[in-house]
Amino acid sequence: MDLRAMASRRGHQVRACPECDLVVEMPALRRGENARCPRCRQLLQQRQPAPLQTAAAFCIAALIMLAAALPFPFVSFETQGASHEMVVLDTAFGLAEAQDTFLAILVGMAIFVLPGLYLLVVAYLHLGLLASLRLPGARAQMRMLRAIEPWMMADVFLVGVLISLIKMTDIALVHVGPSFWAFCAFVLLLAKTVSAVNFDALWLSAGGTPPRPPAGARCGETASAQGLVPCHCCGQLQVRTADARPRCIRCDARLPAAQSSLQPTWALLITAAMLYIPANIYPIMQTVSVGEVQASTIVGGVLIMWENGSWPIALIIFIASILIPILKMLSLATLCLVAGSARPEYRGLQHSLYRITEYIGRWSMVDVFVVALLVALVQGGLIMSAFPGPAALAFCAVVVLTMLAARAFDAKLIWRTETPAHTGRHTEITA
């Protein structure tokens, strides 16, 4: 029986795994169940989606907490007769005042602009659908949500704030203001909003019909072997055409190229590796204490924290700022070198390595956020002041480029030489 008839008879959807390209049937899930690809175990569909009201409630609450976190005092410090108080927006404005405008833009986008934009779009879509309104631009906005979600780093910034506060307690009296607690609530509510947003339900509500497989499509085989291409936004499986710039027939998203290339990943990876050298050689932050200028590199900061007895913080910074970037570049280089050529029993391991590499890259921004916060907070003139060093921008570029390299790598290349006949036609259901 072809997939169109099968999906119509059972009410099930059919989808190609975005990681390994296997075409599988999506069963109707009960509460608490997840559907995973039987070939690579990639999560294809989460448990029964939360109601639209749930995501809307979390979203509105997060927007309220974000608005409350902006105008009030965030953190203040006092030492040797000097004191300074900052609001959370000063993390970006302080970098701009220190003539590091590009880094200020990146920090502001990751902490405030992109999370705020994400929440506004989620609120627009959910409230509009709940009110049964016709939403102009709904498809484009759902595509935008997919694109900006990996770049929201409010949670990483909060970890950087906690590290900075621990650093400051050794040399100054530090107080947290009401905005600090509002920002903590905002980070929690933002995470709850992201987990509550269900794109399958959104596309179904906005589009009206579930994605239909093309006639003749077969389960248990890859989409590319059948001349099909899946949409990464809405899950629509369709016949690949000869168009130079093919788009999804359901959501109008750009479809991936017929032939995956490792060149973009290699280019981004080599550039990141080149920038990683000045990011570690030059100082990432400069401090002025009683007229004396001290420069601190990433490794130097870790050693100072370790010698002062703050070994947990030193370990966190070492892992996030030194170990993770190196391991991520080595992992991506390894994946590019062996993609599709490794023994079958190692392909699952390669795929797990790819998932971990893609997930952990953003946490390397912790050190950049620590610098941003200290630059904004420690402004006491010649008594004590902090300024970003030349390595801050280079290290930020390393983090961004490695994230782009991981996203440019096509995980389907890991599985391209394996015949998936033994994996079956149905998804794997897990609790």
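Just above sits the structure.
A few points on the structure.

Basis of the calculations
All residue numbers here refer to positions counted from 1 along the written sequence of the relevant chain. Owing to the predicted nature of the model, reporting of local features is limited to residues with pLDDT of at least 70; listing and counting of side-chain atom pairs is limited to 80 or more, with chain, interface and lining totals taken over all residues. Computation of side-chain values: all heavy atoms of the structure, hydrogens and water removed. Helix and strand assignments come from DSSP, with helices taken as H or I runs of at least 4 residues and strands as E runs of at least 2, each series counted from the N terminus. Burial status follows relative accessibility: with a 1.4 Å probe on protein chains alone, a residue under 20% of its type maximum counts as buried, one over 50% as exposed, and anything between as partly exposed. Here, two residues are considered to be in contact whenever any of their heavy atoms come within 4.5 Å of each other. Note on ring pairs: Phe, Tyr and Trp rings are taken, using the six-membered ring of Trp, and paired if centres are within 6.5 Å. Classes follow the plane angle, with under 30 degrees stacked, over 60 edge-to-face and the rest tilted. The rule for pairing is simple: two strands pair if DSSP sees at least two bridges between them. As used here, the term nonpolar core means buried Ala, Val, Leu, Ile, Met, Phe, Trp, Tyr and Cys residues forming a set that is joined through side-chain atoms within 4.5 Å. Fitting a line to C-alpha atoms yields each axis, with helices limited to the stretch in contact; the angle taken between N-to-C directions then spans 0 to 180 degrees. Each crossing gets its hand from how the near helix is turned against the far one by less than a right angle, where anticlockwise is left-handed and clockwise is right-handed. Three classes are used: nonpolar for Ala, Val, Leu, Ile, Met, Phe, Trp, Tyr, Cys and Pro, charged for Asp, Glu, Lys and Arg, and polar for all others, with Gly counted as polar. Definition of a polar contact: a pair of N or O atoms within 3.5 Å, with one able to donate and the other able to accept a hydrogen when the atoms are protein atoms, and with sequence-neighbouring residues admitted only if both atoms are side-chain atoms. Any carboxyl oxygen of Asp or Glu within 4 Å of a side-chain nitrogen of Lys or Arg constitutes a salt bridge here.

### Re the overall build of the protein chain
When its secondary structure is counted, the protein chain shows 14 helices and 13 strands. A total of 431 residues make up the protein chain; the buried ones form 50% of that total. In the protein chain, the share of contacts with a sequence separation of at least 24, taken over all contacts with a separation of at least 6, comes to 70%.

### Notes on the packing of aromatic side chains
Counted according to the given criterion, the structure contains eight aromatic pairs. Ring plane angle 25 degrees and centroid distance 6.4 Å describe the contact between Phe74 and Phe157, whose orientation is recorded as stacked. In this pair, Phe74 sits in the loop between α2 (52–69) and β5 (75–79) while Phe157 sits in helix α6 (residues 154–168), placing the two residues 83 residues apart along the sequence. Here Phe74 and Phe157 have matching classes, each one buried.

### Side note on the pairing of strand β1 (residues 13–16)
Of the two faces of β1, the one carrying Gln13 and Arg15 and the one carrying Val14 and Ala16 are both buried. Where β1 and strand β2 (residues 23–26) come together, four bridges link them in antiparallel fashion. Each residue of the ladder has a partner; that of Val14, found in β2, is Glu25. Connecting β1 to the next strand, β2, in antiparallel fashion are six residues, including Asp21 with a positive phi near 80 degrees.

### Looking at the nonpolar core
Side chains of nonpolar character tend, in soluble globular proteins, to be buried together. Within the largest apolar cluster, 103 residues are counted, with the highest numbers of intra-cluster contacts made by Phe74, Phe157, Phe183, Phe186 and Phe369. When residues in this core are grouped by element, the largest group, 14 residues, is from helix α4 (residues 101–130). Ranked by size, the runner-up nonpolar core spans 20 residues in total, among them Leu262, Leu335, Phe409 and Ile414.

### Some words on unusual backbone geometry
Trans peptide bonds make up the majority, and among non-glycine residues the majority have a negative phi. We note that Asp21 has phi near 80 degrees; this positive angle belongs to a residue other than glycine. Mapping Asp21 onto the fold places it in the loop between β1 and β2. By relative accessible area, which is 5% here, Asp21 ends up buried. Backbone geometry at Arg41 places phi at a positive 65 degrees, although glycine is not the residue there. Inspection of the secondary structure puts Arg41 in the loop between β3 (34–36) and β4 (43–45).

### Let's talk about the packing of α4 against helix α5 (residues 138–148)
For the pair α4 and α5, the least separation of the axes is 10 Å and the interaxial angle reads 145 degrees. Judged by the twist between their axes, the crossing of α4 over α5 is left-handed. Residues Leu114, Leu117, Tyr118, Val121, Val122, Tyr124 and Leu125 of α4 form the contact with α5, whose participating residues are Ala138, Gln141, Met142, Met144, Leu145 and Ile148. When grouped by side-chain class, the residues that make up the contact of α4 with α5 number twelve nonpolar, one polar and no charged.

### Side note on the side chain of Thr222
In this structure, Thr222 sits in the loop between α8 (199–207) and β8 (228–230). Judged by relative accessible area, which is 11%, Thr222 ranks as buried. Within the structure, Thr222 has its side chain in polar contact with the backbone nitrogen of Ala225 (distance 3.3 Å).

### Considerations on the pattern of salt bridges
Per the counting criterion, the structure on display carries three salt bridges. Here Arg362 ties to Asp155 by a salt bridge, and the two come within 2.9 Å at their closest N and O atoms. Of this pair, Arg362 sits in the loop between α12 (347–360) and α13 (366–377) while Asp155 sits in helix α6, and the two are 207 residues apart along the sequence. Ionic pairing is found between Asp410 and Lys412, a salt bridge with its closest N-O pair at 3.8 Å. Judged by its relative accessible area of 18%, Asp410 is buried. What makes Lys412 partly exposed here is its relative accessible area of 22%.

### Comments concerning the side chain of Thr402
Relative to the elements of secondary structure, Thr402 occurs in helix α14 (residues 390–408). A polar atom in the side chain of Thr402 sits 2.9 Å from the backbone oxygen of Val398.

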